[in-house]
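# Overview (structure and organization)
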Amino acid sequence: MQLDLNLLTVLDALLQEGSVTGAAQRLRLSSPAVSRSLGRLRRLTGDDILVRTGRTMTPTPYALAVRDQVGDLLRQSRQVLAPSRELDLAGLDRVFTLQCHDALATALAPALLADVTAAAPGVRLRFLAEAAVDTDELRHGRVDLEIGSAVPALPEIRHEVVGHDRFVVVLRAGHPYAQGIDLEGFAALPHVLVSRRGRLTDPVDGVLESHGLRRRVLATVGATATAAHIVSRSDAALTAPLLAVHPLASAFALVTVPLPLTVPDPPIVCGWHQRYDTDPAHTWLRSRVRAAIVACITVQGDPLVGFRSSIRA
């Protein structure tokens, strides 16, 4: 049986007003139209709904029994079709999963957790390590927000370029080049690379080749903390984004100096599935991640390089 849910609206008006005329005025319909709907309701329910008592109409026992239920159904349908966009942070109970490089998580987690916990104590964050291969975690809903430097290729993945970081050279304290380094000195140093896929080259090598120079890569590691530990105990150099490496530089007593060549500033990209575009809680999370990134760079005393924000399909 195919039901006309508009009949619920008419039934509610009839039960509230107690007359066809009153219901018609309430619904801004004609009395004949409401009378026809009352006839359909009577046939559908097998009940008279309203019966005449002198000059007035009286609801039947069935009508009295379902009056509150009809009102509740209409309120629920309005909530479904016109949901509230107000967000109750104090009562929000939700787990958000973020995926990013380990060094970026190290940099962002303290500021982000402090901010989120203060505003929404029921929210928990789960940080996942960046995968060695591209995955469909965002598409399948296993990850809420992915933070990295790559712009998503899938059309259903929205993204926001929060800003741009910049590359620096990371050296141990007391290194001969701890006060600064030139291009030839940089190329002559042994280097450690961070690569989730184990690559032994990166864009720096292409720039060096354009200057007729090559560098010696000692090793590639999967975690920035591993690279920082190696650098802290050798004369090797690590080239890394300042935002990601800043906490580790402090922890391992390392120094950072400007990179003596021009490499494009890596973007900081937040990506999410389009299903969360209008979700108030997810929108709030994205705003807090953005604020945490800005806060981290502000702590470094270094403004966002080439800061800009844009959302693309």
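Residues numbered from 1 in each chain as written. Predicted model: local features only at pLDDT ≥ 70, side-chain atom pairs only at ≥ 80, totals over all residues. Heavy atoms only, no water.

Considering all chains together, one arrives at 0 disulfides under this definition. Not part of a disulfide, Cys-270 finds its nearest cysteine sulfur in Cys-100, a span of 9.3 Å. (Disulfide = S-S within 2.5 Å.)

Right, let's talk about the nonpolar core for a bit. Within the largest apolar cluster, 28 residues are counted, with the highest numbers of intra-cluster contacts made by Leu-98, Val-123, Leu-125, Ile-147 and Val-289. Those elements that place two or more of their residues in this core are strand 3 (94–100), helix 5 (102–119), strand 4 (123–129), strand 5 (145–148), strand 12 (267–273) and helix 10 (280–299). Top contributing element to this core by residue count: helix 10, with 7 residues. Not counting the four nearest positions on each side in its chain, Leu-98 is found in contact with Leu-112, Leu-125, Arg-126, Phe-127, Leu-128, Leu-145, Ile-147 and Val-289. In terms of nonpolar packing, the next biggest core, distinct from the first, is built from 19 residues, Ala-24, Leu-50, Val-66 and Val-70 among them. (Core = buried A, V, L, I, M, F, W, Y, C linked by side-chain atoms within 4.5 Å. Buried < 20%, exposed > 50% of the residue type's maximum accessible area, 1.4 Å probe, protein only. Helix = DSSP H or I, 4+ residues; strand = E, 2+ residues; numbered from the N terminus. Contact = heavy atoms within 4.5 Å.)

This next bit is on the pattern of salt bridges. With the rule as written, the count across this model stands at 12 salt bridges. Between Glu-17 and Arg-26 there is a salt bridge whose closest N-O contact spans 2.9 Å. By relative accessible area, Glu-17 is classed as partly exposed at 37%. Ionic pairing is found between Arg-215 and Asp-202, a salt bridge with its closest N-O pair at 2.7 Å. (Salt bridge = Lys/Arg side-chain N within 4 Å of Asp/Glu carboxyl O.)

As a further point, take the confidence of the model for the protein chain. In this model, the protein chain carries a mean pLDDT of 87, and residues with pLDDT of at least 70 account for 92%. Averaged pLDDT values for the elements of the protein chain fall to 39 in strand 13 (residues 311–312) and rise to 96 in strand 8 (residues 190–194). Predicted confidence for residues 301–313 stays below pLDDT 50, and this span has 35 contacts to residues more than four positions away or in other chains. (pLDDT = per-residue confidence, 0-100.)

This paragraph deals with unusual backbone geometry. Note: most residues except glycine have negative phi, and most peptide bonds are trans. Although it is not a glycine, Arg-28 sits at a positive phi angle of roughly 60°. Residue placement: Arg-28 occurs in the loop between helix 2 (20–27) and helix 3 (31–45). Take Arg-28: its relative accessible area is 79%, and that puts it in the exposed class. Of note in the backbone geometry, Ile-49 takes a positive phi value of approximately 70° without being a glycine. Considering the arrangement of structural elements, one finds Ile-49 in the loop between helix 3 and strand 1 (50–53).

Another aspect to go through is the sheet that holds strand 11 (residues 254–258). Taken in spatial order, the 5 strands line up as 9-8-10-7-11 in an open sheet, and their pairing is mixed. What marks the edges here is a single partner per strand, and that holds for strand 9 (216–221) and strand 11. Averaged over all neighbouring strand pairs, the angle between strand axes comes to 35°, with direction disregarded. Taken together, the 2 bridges between strand 8 and strand 10 (residues 237–241) define a ladder with parallel strand orientation. Of the residues in strand 10, the one forming a bridge with Val-192 is Leu-238. Taken strand by strand, helix 8 (residues 224–232) contacts strand 7 (167–172), strand 8, strand 9, strand 10 and strand 11, and its axis lies near 145° from that of strand 10. (Pairing = 2+ DSSP bridges. Axes fitted to C-alpha atoms, helices over the stretch in contact; angles between N-to-C directions.)

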